[in-house]
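Chain and residue survey
The primary structure of each chain is shown beneath.
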Amino acid sequence: NAGVIQTPRHKVTGKGQEATLWCEPISGHSAVFWYRQTIVQGLEFLTYFRNQAPIDDSGMPKERFSAQMPNQSHSTLKIQSTQPQDSAVYLCASSPPNYNNQAPLFGEGTRLSVL
Amino acid sequence: GDSVTQTEGQVALSEEDFLTIHCNYSASGYPTLFWYVQYPGEGPQLLFRASRDKEKGSSRGFEATYDKGTTSFHLRKASVQESDSAVYYCALSGDSNYQLIWGSGTKLIIKP
C-alpha cells in the first residue's frame, strides 16, 4: 500500500506569491492532518479533517492560510501572499477511521522556501 | 496544557553503545504515548505507541515502558547501529485524542 503522498516535494516561491500544497492520504483513512515543521518551533499542528469535514483549525494562522478536503483522496493547504517566515516543511498525515489515539502516518513533506 | 519534555537535544554514541533518550510528559487524564523517528528528508515514522500504565512498546530493537507514576516514556536500545542515526520524537495524544503534542526531538549521532 502506498503511504501518504505529498506534492510537490520542494516548492520555491517569491514573497507575495501563492503556494498550494497537495496531500493524498492513505486509502481508507478518514482522518487527515497538516503539521508544520521548523528548526525553531519544531512540529506544530495546523489543522485536522475527519471524513472530509474540517474539525479543528486552531493551529492555522488566521490570515493567508487555508486548507480544504474536497474529496476523500486529497487535501490541499493554500498559503496566500507567502512571506519568508512561512518557509518550513509542511507535513500531511492520515490515520484510520477509529481515530482515537491512533498514530498518524506521515508523508515525506513539502519543503516550502519563500525567497 | 499538555506537554512533552525531551531533555537531550543531541546524543552522540558509538556503535553497540546503550541508548537512553528521556521523555517526560504532563497531561490530564490518560494520554496515549508515541515514539516517532525522522530521517533526513522524510516525515516522522511511528516506532510504537503505548496506551496504559506499564505497557511496553517496542520495534526494531527500541523499547519504552509507559510509567504513569513518574510520567515518563523513556526510549532505550541495547546496542545502537549507524543506521539508527536520526531524530527521535516523543509525543502524546492530548485531550482531543487526535492532536499530537510533540517533544522537541533528540538527534542521535552515531560516531564512526
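Everything numeric here is computed off the predicted structure, so don't read it as measured data.

Across its full length, chain A holds zero helices and 11 strands. The N-to-C order of helical and strand elements in chain A reads β-β-β-β-β-β-β-β-β-β-β. In summary, chain A has a C-alpha radius of gyration of 13 Å against a globular reference of 13 Å for 115 residues, a match within 12%. C-alpha atoms of chain A, sized along the principal axes, occupy 40 × 30 × 30 Å.

Next up on the list: the pattern of salt bridges. Residues and elements named next belong to chain A. Under the definition given, this model contains seven salt bridges over all chains. We note a salt bridge from Arg9 to Glu108, for which the minimum N-O separation is 2.9 Å. Residue Arg9 is found in the loop between β1 (5-7) and β2 (10-13), and its partner Glu108 is found in the loop between β10 (105-106) and β11 (110-114); the two are separated by 99 residues along the sequence. By relative accessible area, Glu108 is classed as partly exposed at 40%.

This paragraph deals with the sheet that holds strand β7 (residues 65-71) of chain A. All names here are of chain A. Taken together, the four strands give an open sheet; going across it, the order is β1-β3-β8-β7, and neighbouring strands pair in antiparallel fashion. If you trace the sheet from one side to the other, it starts and ends with β1 and β7, each paired once. For this sheet, the mean inter-axis angle between neighbouring strands, taken without regard to orientation, is 20 degrees. In this structure, β7 lies alongside strand β8 (residues 74-79), joined through five bridges in antiparallel fashion. Opposite Gln68, over in β8, you have Thr76 as the bridge partner.

The rules behind these values
Residue numbering note: each chain is counted from 1, following its sequence as written. Each chain is given a letter, starting from A, and each ligand a number, starting from 1, according to the order in which they appear as written. It should be noted that, the model being predicted, local features are given only for residues of pLDDT at least 70 and side-chain atom pairs only at 80 or more, the latter also being counted only at that level, while totals for whole chains, interfaces and linings use all residues. Side-chain calculation: all heavy atoms of the structure are included, whereas hydrogens and water are not. In DSSP terms, a helix is any run of H or I states spanning at least four residues, a strand is any run of E spanning at least two, and both are numbered starting from the N terminus. Computation of the radius of gyration draws on C-alpha atoms, with the globule rule given as 2.2 Å multiplied by the number of residues to the power 0.38. Every case where a carboxyl oxygen of Asp or Glu lies within 4 Å of a side-chain nitrogen of Lys or Arg is listed as a salt bridge. Think of it in three bands: residues with accessible area under 20% of the maximum for their type are buried, residues over 50% are exposed, and the middle band is partly exposed, with areas taken using a 1.4 Å probe on protein chains only. Pairing between strands requires that DSSP locate at least two bridges from one strand to the other. Note on geometry: axes are C-alpha line fits, over the in-contact stretch for helices, and angles between N-to-C directions span 0 to 180 degrees.

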